[in-house]
Amino acid sequence: MKIFEELESEVRSYARNFPRLFKRAKGEFMYDEDDNEYLDFLAGAGALNYGHNHPVMREKLLEYIQSDGITHSLDLYTDAKREFMETFREKILRPRNYDYTLMFTGPTGTNAVEASLKIARKITGRSHVISFTNGWHGQTLGSLSMTANSHHRDGAGIALTGMHRAPYDGYLGDAVDTTEYLDKVLSDSSSGVDLPAGVIVETIQGEGGVNYCSMEWLQRLSRVCKKHGVVFIIDDIQAGCGRSGRFFSFEEAGIQPDIVTLSKSLSGYGLPFAMVMLKPELDQWKPGEHNGTFRGNNHAFVTAKAAIDLYWSDDTFAASVRKKGEYIAKRLDAIVEKYGDGSFTVKGRGMFQGINCVNGEIASKITRAAYKKGMIIETSGADDHIIKLLCPLIISEESLAKGIDIIEESVKEVCLRLDEIPEDSDYFDDVVIHGEKKENVSK
Ligand SMILES: Cc1ncc(COP(=O)(O)O)c(C=O)c1O
């Protein structure tokens, strides 16, 4: 392990919480060099919805490699790309009546976000994009501007501009419809909020703490964008590809955003791959205007097609995700009720659920206890106070039950050792600034 400490940058993060040398992985399990088994409830931060080394995808990929299929091709036409695009049109777009042009960007989520911001700005001739409190869109400068987390923003070393922040659904309490606020400031030429090029939003804020918006809020947001001629972008990089119980996390709202970004689990196999879906009339790029060496990863095209064929030819898989999601929510509700002293809460949608443990210290004690019992699970949120469950969607019912048993034992162990569980303080009761309670002056 010394090589990592000696040679690898301090920037490494996940490795610090799970300091083992991992050697192989299969489905929902990872194995370290001593062959200890870990249940993976992090799943590549949402990049492994179909688990590790899926046998069918691996077979297709090996066949493709063995046949000297093209590996790298810039954006040349390849049979792997053609087959992926035909499958995506037949099995994802057509059944939903969606009309989108597909753009392959550099293979990370942040590159897809950068491309969507650029095209929104280019088309409207405006510079600002509205993003939301607790939003997370990536780490390069454009997407980092859209990201809310101060720890990550502080790493930019330069002013993060070109954005205006708006309150997410529920941010100002249940009684306030924050789309109404947005509509008002965009309608008022003296609000100080410039008419933006676009609005970018996650339907479930993964890194921001598993906050999710209602479908009605999303419909209203879509209407506000239309009313003001603003490009509506849904960043479905983490919540998409089935995590919510549908392929796209916004399907139940019955809306069609102008732009959708996808990455993470799109390749199905954990290979780097990102794509922007644009309404055809927005596809006003000049050739090569958003260029890049690794646009469209042929190996990812092969596995992504296999994933769609396997899991998205009908609703069976999505229905199983929704069923497992209900099971997760029910079990977590029971756990917080038993051990959370009225302070812990559960939130999320589909197989994207989290436990709010009030503060980061308690949440990290619980995830560390779970790690000792053979589970890899992470936290998210402003104070890392949310335990985020992101197990592969293909997890067996037996492993899912075992995983939640581990979470239950860990919550129990930590909570029983605490003198008291702090109350979950809401801004509207008291303001918490950097962990310190301050009076809410508006009371
Ligand atoms: C919603 C969302 N958008 C964008 C990104 C950035 O993706 P990447 O880390 O591949 O650049 C992430 C990563 O966590 C994400 O969750």
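J.: Which residues make up the overall build of the protein, and what are the values?
T.: Of the regular secondary structure elements, the protein holds 14 helices and 19 strands. The C-alpha atoms of the protein give 22 Å as radius of gyration, which agrees with the globular expectation for 443 residues (22 Å, within 12%). By principal-axis analysis of the C-alpha atoms, the protein measures approximately 65 × 60 × 45 Å. Long-range contacts, defined here as pairs at least 24 residues apart, represent 72% of the contacts in the protein between residues at least 6 apart. Mean positive and mean negative side-chain charge positions of the protein (52 and 66 charges, respectively) differ by 3 Å.

J.: Go over the sheet that holds strand 7 (residues 198-201), please, and point to the residues and values.
T.: What holds strands together in a sheet is hydrogen bonding between their backbones, with the strands either parallel or antiparallel. Pairing in this open sheet of seven strands is mixed, and the strands run 4-12-11-10-7-5-6 from one edge to the other. In this open sheet, the two edge strands, each paired with only one partner strand, are strand 4 (101-104) and strand 6 (163-166). Averaged over all adjacent pairs, the angle separating strand axes in this sheet is 25 degrees, with direction ignored. For strand 5 (residues 129-132) and strand 7, the ladder comprises two bridges, and the chain directions are parallel. Across the sheet, I130 pairs through a bridge with V199, a residue of strand 7. Set on the sheet, helix 5 (residues 79-93) makes contact with strand 4, strand 11 (259-262) and strand 12 (275-278); between it and strand 4 the angle comes to about 140 degrees. Contacting strand 4, strand 5, strand 7, strand 10 (231-235), strand 11 and strand 12, helix 6 (residues 109-124) runs over the sheet at an angle of about 165 degrees to strand 11.

J.: I'd like a rundown of the sheet that holds strand 17 (residues 386-389), residues and numbers included.
T.: If you trace the four strands from one edge of the open sheet to the other, you get 13-14-17-16, paired in antiparallel fashion. Looking at strand neighbours, the two that pair on one side only are strand 13 (345-349) and strand 16 (378-380), the edges of this open sheet. Neighbour-to-neighbour, the strand axes of this sheet turn through a mean angle of 30 degrees, independent of strand direction. Taken together, the five bridges between strand 13 and strand 14 (residues 352-356) define a ladder with antiparallel strand orientation. Bridged to R349 within strand 14 is F352. Together, strand 13, strand 14 and strand 17 form the strand contacts of helix 12 (residues 316-339), whose direction differs from that of strand 14 by roughly 5 degrees.

J.: Lay out the site of the ligand in plain terms, naming residues and giving numbers.
T.: Around the ligand sit T108, G109, T110, W136, H137, G138, E202, D235, I237, Q238 and K264, and that is every residue in its neighbourhood. A distance of 2.7 Å separates a nitrogen atom of the ligand from a polar atom in the side chain of D235. Side-chain polar atom of K264 to an oxygen atom of the ligand: 3.0 Å apart, as the coordinates give it. Grouping the constituent residues of the shell around the ligand by class yields two nonpolar, six polar and three charged.

J.: I'd like to hear about a nonpolar patch on the surface, residue by residue, with values.
T.: Side chains of Y171, L172, V176, Y427 and F428 sit close together on the surface and give an oily, nonpolar patch of about 450 Å² of accessible area. By relative accessible area, which is 38% here, F428 ends up partly exposed.

J.: Summarise the packing of helix 9 (residues 178-187) against helix 10 (residues 215-228); cite the residues concerned and give the values.
T.: Packing of helix 9 against helix 10 brings their axes to within 9 Å, and their N-to-C directions diverge by 10 degrees. With respect to helix 10, the axis of helix 9 lies roughly parallel. Between helix 9 and helix 10, the contacting residues are T178, T179, L182, D183, L186 and S187 on the first element and W217, R220, L221, V224, K227 and H228 on the second. Considered class by class, the residues forming the contact of helix 9 with helix 10 number five nonpolar, four polar and three charged.

J.: An account of the packing of helix 4 (residues 55-66) against helix 11 (residues 298-311) is requested, with residue identities and associated values reported.
T.: Put simply, helix 4 and helix 11 touch, their axes get as near as 9 Å, and they point 145 degrees apart. Relative to helix 11, helix 4 is oriented so that their crossing is right-handed. On helix 11, the residues that touch V56, M57, K60, L61, Y64 and I65 of helix 4 are N298, H299, V302, T303, A306, A307, L310 and Y311. Class assignment of the residues belonging to the contact of helix 4 with helix 11 gives a composition of ten nonpolar, three polar and one charged.

J.: Talk me through helix 6; I want residue IDs and the actual numbers.
T.: Residues three or four positions apart in an α-helix share a direction because the helix packs 3.6 residues into each turn. Along its 16 residues, helix 6 runs 23 Å from first to last C-alpha, staying within 8% of the 22 Å computed at 1.5 Å per residue. Those residues of helix 6 lying buried are G109, T110, A112, V113, E114, A115, S116, L117, I119 and A120. Downstream of helix 6 by one or two residues, G125 has phi in the positive range, about 70 degrees.

J.: Go over the nonpolar core with me, naming the residues and quoting the values.
T.: Core analysis: the largest hydrophobic core is formed by 92 residues, its most contacted members being F41, F88, L218, F248, L262, M277 and F344. Dropping the residues within four chain positions of it, F344 is found in contact with V336, I355, N356, C357, V358, I362, I366, V411, C415 and I421. Counting residues in each nonpolar core, the second largest holds 21 residues, with M146, M163, I200 and L282 among its members.

J.: Would you mind going over the pairing of strand 12 in detail, with residue names and values included?
T.: For a regular strand, side-chain orientation follows a simple rule: the groups alternate between the two sheet faces. Residues M275 and M277 of strand 12 are buried on one face, and the alternating residues V276 and L278, pointing to the opposite face, are buried as well. Relative to strand 12, strand 11 runs antiparallel, the two sharing four bridges. Across the sheet, residue I259 finds its bridge partner in strand 12, namely L278.

J.: A description of the packing of aromatic side chains should follow, citing residues and the corresponding values.
T.: Taken as a whole and assessed by the stated rule, the structure comprises 24 aromatic pairs. Measuring from ring centre to ring centre gives 5.9 Å for Y38 and Y371, while their planes differ by 20 degrees; the resulting arrangement is stacked. A residue pair is termed long-range when its members are at least 10 positions apart, and Y38 in strand 3 (residues 37-40) and Y371 in helix 13 (residues 360-372) qualify at 333 residues. The pair Y38 / Y371 is uniform in exposure class, with both members buried. For the ring pair F132 and Y168, a centre distance of 6.1 Å and an interplane angle of 70 degrees mean the geometry is edge-to-face. Here F132, found in strand 5, pairs with Y168, found in the loop between strand 6 and helix 9; they are 36 residues apart in sequence, far enough to count as distant.

What counts, and where the lines are drawn
Residues numbered from 1 in each chain as written. Predicted model: local features only at pLDDT ≥ 70, side-chain atom pairs only at ≥ 80, totals over all residues. Heavy atoms only, no water. Helix = DSSP H or I, 4+ residues; strand = E, 2+ residues; numbered from the N terminus. Rg over C-alpha atoms; globule rule 2.2 N^0.38 Å. Contact = heavy atoms within 4.5 Å. Lys, Arg positive; Asp, Glu negative; His and termini not counted. Charge placed at Lys NZ, Arg CZ, Asp CG, Glu CD. Pairing = 2+ DSSP bridges. Axes fitted to C-alpha atoms, helices over the stretch in contact; angles between N-to-C directions. Near = heavy atom within 4 Å. Polar contact = N/O pair within 3.5 Å; in protein donor to acceptor, adjacent residues only side chain to side chain. Nonpolar A, V, L, I, M, F, W, Y, C, P; charged D, E, K, R; others polar. Patch = residues over 30% accessible without salt bridge, like charges linked within 9 Å, V, L, I, M, F, W, Y side chains within 5 Å. Areas by Shrake-Rupley, 256 points an atom, 1.4 Å probe, with all protein chains shown as cover. Salt bridge = Lys/Arg side-chain N within 4 Å of Asp/Glu carboxyl O. Buried < 20%, exposed > 50% of the residue type's maximum accessible area, 1.4 Å probe, protein only. Parallel < 35°, antiparallel > 145°, perpendicular 65-115°, else oblique. Left-handed = near helix turned anticlockwise from the far one by under 90°. Expected span 1.5 Å × (residues − 1). Core = buried A, V, L, I, M, F, W, Y, C linked by side-chain atoms within 4.5 Å. Phe/Tyr/Trp six-rings, centres within 6.5 Å; stacked < 30°, edge-to-face > 60°.

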